[in-house]
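# Breakdown of the fold
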Amino acid sequence: MEWLSQLGRSGLRFFERLGRGNLFLFYVLLGSFSLLGRGRLLLQQMYSVGVLSMLIITVAGLFVGMVLGLQGYNTLVDFGSEESLGVMVALSLVQELGPVMTAVLFAARAGTSLTAEIGLMKTTEQLSGMEMMAVDPLRRVIAPRFWAGFISLPLLAGIFSAVGVFGGYFVGVGLLGVDDGAFWSQIQNRVDFYDDVLNGIIKSIVFGFVAAWIALFEGYDTVPTSEGVSRATTRTVVHTSLAVLGLDFVLTALMFD
Amino acid sequence: MFHSKAIEIAVGVFVAAGLGALFILAIKVSNLSAFSDEAGYPLQARFDNIGGLKVQAPVTMAGVRIGRVDKISFDDETFEAVVTLKVYDQYDQLPKDTSASIFTSGLLGEQYVSLEAGGDMDNLQPNDQFMITQSALVLEEMIGQFLFKAAEGGTE
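Residues numbered from 1 in each chain as written. Chains lettered and ligands numbered in written order. Predicted model: local features only at pLDDT ≥ 70, side-chain atom pairs only at ≥ 80, totals over all residues. Heavy atoms only, no water.

Our focus in this paragraph is the overall build of chain B. Of the regular secondary structure elements, chain B holds two helices and seven strands. Along chain B, helices (α) and strands (β) appear in the sequence α-β-β-β-β-β-β-β-α when read from the amino end. Within the structure as shown, chain B displays about 9400 Å² of accessible surface, and the carbon and sulfur contribution to it stands at 59%. (Helix = DSSP H or I, 4+ residues; strand = E, 2+ residues; numbered from the N terminus. Areas by Shrake-Rupley, 256 points an atom, 1.4 Å probe, with all protein chains shown as cover.)

The following block contains the structure:
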């Protein structure tokens, strides 16, 4: 009997939290219209969310592309088709690694800082203070950060994929001696803009939405103690990574044709 | 926080880099530039079997790409595949008795349409049909025929 009520309690808590999360998202989206006249708020958040993430994304993309180039070459050279190296690198980056890796890195780099910032604002009662002054924190604080994350992630994913392809190019053509022209012409032959590139962009847009939502909600819903903030920050990384990986499967299954 | 001008510039660089990367992906890393909707005129070819031919597959003549497959449909009266080819406008001097065949690039590669010029003095006009076509070779059919022949030969 005891464990039944335990199960019920955790179930109720789960759905309560889910409902709060959805209401939160609804009000953030509703409050976003007031953002139209205040581009400066968005600009500042784009800086801290997007610009400051650029370095890690660029370096990660470069190295992922280079590793793909090395590993792919080892396998392809056995079949005498090392010209397909570019296709392999480009397809895996554009479709999967670009959006997914960027979203995970984004959660670790930008999502945590969003959660900690909002969580601390709540803990130090800055959010309640704003409410006292009739400033809606959802509009003033959350909405700009949400849209900054939403806009930044697809751009970052694009940078990741493009830099990664060039990383694969440096290793494949520069280091291992794959033919320069074949590398690019094979890519252009086999990578379809709508089926591959556009689907990757759609994925990263969905991931941007989810990553920003989770990070901000975890911060907003944190238990207002220092322990609560630290837990919320951890949860942001874990939940975003899981959500992104799960959604990636669903999206790939939907786009698979 | 930084000076706000610096932030503006940094965000501008970020957005430009992101859009630039997406642009590179579109132009350099995909086939978007390959079919940037070059103007062409349609020609129709009827095949008994098109094998694995797909829309966007290249149309070549003497190995040079001169167009692409625009549309593939099925005629349920003659039970033939109707393939609409789009040949680029600059190649408008194909003889009327040009023949179209479906070949495979390499042993397991993609399938494409290859045109072979005939000797007619008149040229193909837009929406004309090829008179001579050769269907795709389906590997299983070939193996089947080969086995059949081998079995026949064995009993003699």
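Attention now goes to helix α9 (residues 226-255) of chain A. Residue and element names in this part refer to chain A. Compared with the 44 Å implied by 1.5 Å per residue over 30 residues, the 43 Å span of α9 between its first and last C-alpha is a close match. When α9 is considered as a whole, its buried residues turn out to be Gly 228, Val 229, Ala 232, Thr 233, Thr 236, Thr 240, Ser 241, Val 244, Asp 248 and Leu 251. Residues of α9 that are buried sit in contact with α4 (85-123) and α8 (193-220). (Expected span 1.5 Å × (residues − 1). Buried < 20%, exposed > 50% of the residue type's maximum accessible area, 1.4 Å probe, protein only. Contact = heavy atoms within 4.5 Å.)

All right, on to the interface of chain A and chain B then. Contact residues are listed per partner, giving 30 residues for chain A and 25 residues for chain B. Of the roughly 2500 Å² buried between chain A and chain B, counting both surfaces, carbon and sulfur atoms make up 79%. Among the residues chain A hides against chain B, the three largest losses belong to Tyr47(A), Leu155(A) and Gln188(A). Together they make up 23% of the total. Between Glu8(B) and Arg40(A) there is a salt bridge, with the nearest N and O atoms lying 2.8 Å from each other. At the junction of chain A and chain B, the tally comes to two residue pairs in polar contact (both at pLDDT 80 or more). Mapped onto the side of chain A that touches chain B, the elements with two or more residues apiece are α2 (39-49), α4, α6 (137-175), α7 (180-190) and α8 of chain A. The element contributing the most residues to the side of chain A that touches chain B is α6(A), with ten residues. Its residues placed into classes, the side of chain A that touches chain B shows 21 nonpolar, six polar and three charged. (Buried area = accessible area lost by both parts, 1.4 Å probe. Salt bridge = Lys/Arg side-chain N within 4 Å of Asp/Glu carboxyl O. Polar contact = N/O pair within 3.5 Å; in protein donor to acceptor, adjacent residues only side chain to side chain. Nonpolar A, V, L, I, M, F, W, Y, C, P; charged D, E, K, R; others polar.)

This part is about the nonpolar core. Grouped together as the largest cluster of nonpolar side chains are 72 residues, with contacts concentrated most on Phe183(A), Ile187(A), Phe14(B) and Val29(B). A per-element tally of this core places α6(A) first, with 16 residues. When residues no more than four places from it in sequence are discounted, the contact partners of Val29(B) are Ala90(A), Val94(A), Val165(A), Trp184(A), Ile187(A), Val191(A) and Ile24(B). Formed by 23 residues, the second largest nonpolar core is a distinct cluster that contains Ala45(B), Ile50(B), Leu85(B) and Val87(B). (Core = buried A, V, L, I, M, F, W, Y, C linked by side-chain atoms within 4.5 Å.)

This part takes up the sheet that holds strand β3 (residues 64-75) of chain B. Residue and element names in this part refer to chain B. Taken together, seven strands build an open sheet; the order of strands is β1-β4-β3-β2-β6-β5-β7 and the sheet is mixed. In the strand order of this sheet, the two ends are held by β1 (40-47) and β7 (132-134), each with one partner. Strand-to-strand twist of the sheet, defined as the mean angle between neighbouring strand axes without regard to direction, takes the value 30°. The sheet contact formed by strand β2 (residues 58-61) and β3 spans four bridges and is antiparallel. (Pairing = 2+ DSSP bridges. Axes fitted to C-alpha atoms, helices over the stretch in contact; angles between N-to-C directions.)

What follows is about the pattern of salt bridges. Residues and elements named next belong to chain A. A complete count under the given rule lists 15 salt bridges over all chains for this structure. With a closest N to O distance of 2.8 Å, Arg 20 and Asp 221 form a salt bridge. On the criterion of sequence distance, the pair formed by Arg 20 in helix α1 (residues 2-31) and Asp 221 in the loop between α8 and α9 is long-range, its members being 201 residues apart. With a relative accessible area of 35%, Arg 20 lands in the partly exposed category. Sharing partners across several salt bridges, the network here consists of Glu 16, Arg 17, Arg 20, Glu 218, Asp 221 and Arg 235.

Our focus in this paragraph is the confidence of the model for chain A. Residue-level pLDDT values for chain A average 91, and 100% of them are 70 or greater. The least confident element of chain A is α7(A), whose mean pLDDT is 81; the most confident is α9(A), at 94. (pLDDT = per-residue confidence, 0-100.)

The subject of this paragraph is the packing of helix α3 (residues 54-76) of chain A against α6(A). All names here are of chain A. Between α3 and α6, whose axes approach to 7 Å, the crossing angle comes to 40°. Considering their axes alone, α3 and α6 lie oblique with respect to each other. Between α3 and α6 lies a crossing of right-handed hand. For the pair α3 and α6, contact is made by Met 54, Ile 57, Thr 58, Ala 60, Gly 61, Leu 62, Val 64, Gly 65, Met 66, Gly 69 and Leu 70 and by Leu 156, Ile 159, Phe 160, Val 163, Gly 164, Gly 167, Gly 168 and Val 171, respectively. Of the residues in the contact of α3 with α6, the class split is twelve nonpolar, seven polar and no charged. (Parallel < 35°, antiparallel > 145°, perpendicular 65-115°, else oblique. Left-handed = near helix turned anticlockwise from the far one by under 90°.)

Below, the discussion takes up the side chain of Asp196(A). Residue and element names in this part refer to chain A. Following the sequence through the fold, Asp 196 ends up in helix α8. Buried Asp 196, no salt bridge; nearest opposite-charge side chain is Arg 190, N-O distance 8.2 Å. At a separation of 2.7 Å, a polar atom in the side chain of Asp 196 contacts the side chain of Gln 95. If we ignore the near neighbours within four places in the chain, the residues touching Asp 196 are Leu 91, Val 94, Gln 95, Arg 190 and Val 191. (Lys, Arg positive; Asp, Glu negative; His and termini not counted.)

Phi at Ala134(A) is positive, roughly 60°, even though this residue is not glycine. The topology assignment puts Ala134(A) in the loop between α5 (126-132) and α6. Exposure remark for Ala134(A): the relative accessible area of 71% places this residue in the exposed category. In this model, Ala62(B) sits at a positive phi of 55°, which is unusual for a non-glycine residue. Looking at the secondary structure, you find Ala62(B) in the loop between β2 and β3. Classification of Ala62(B) as exposed rests on a relative accessible area of 79%.

The domain boundaries assigned to chain B delineate domain 1 (1-30) and domain 2 (38-140). Computed over C-alpha atoms, the centres of domain 1 of chain B and domain 2 of chain B are 43 Å apart. (Domains from an automatic or database assignment.)

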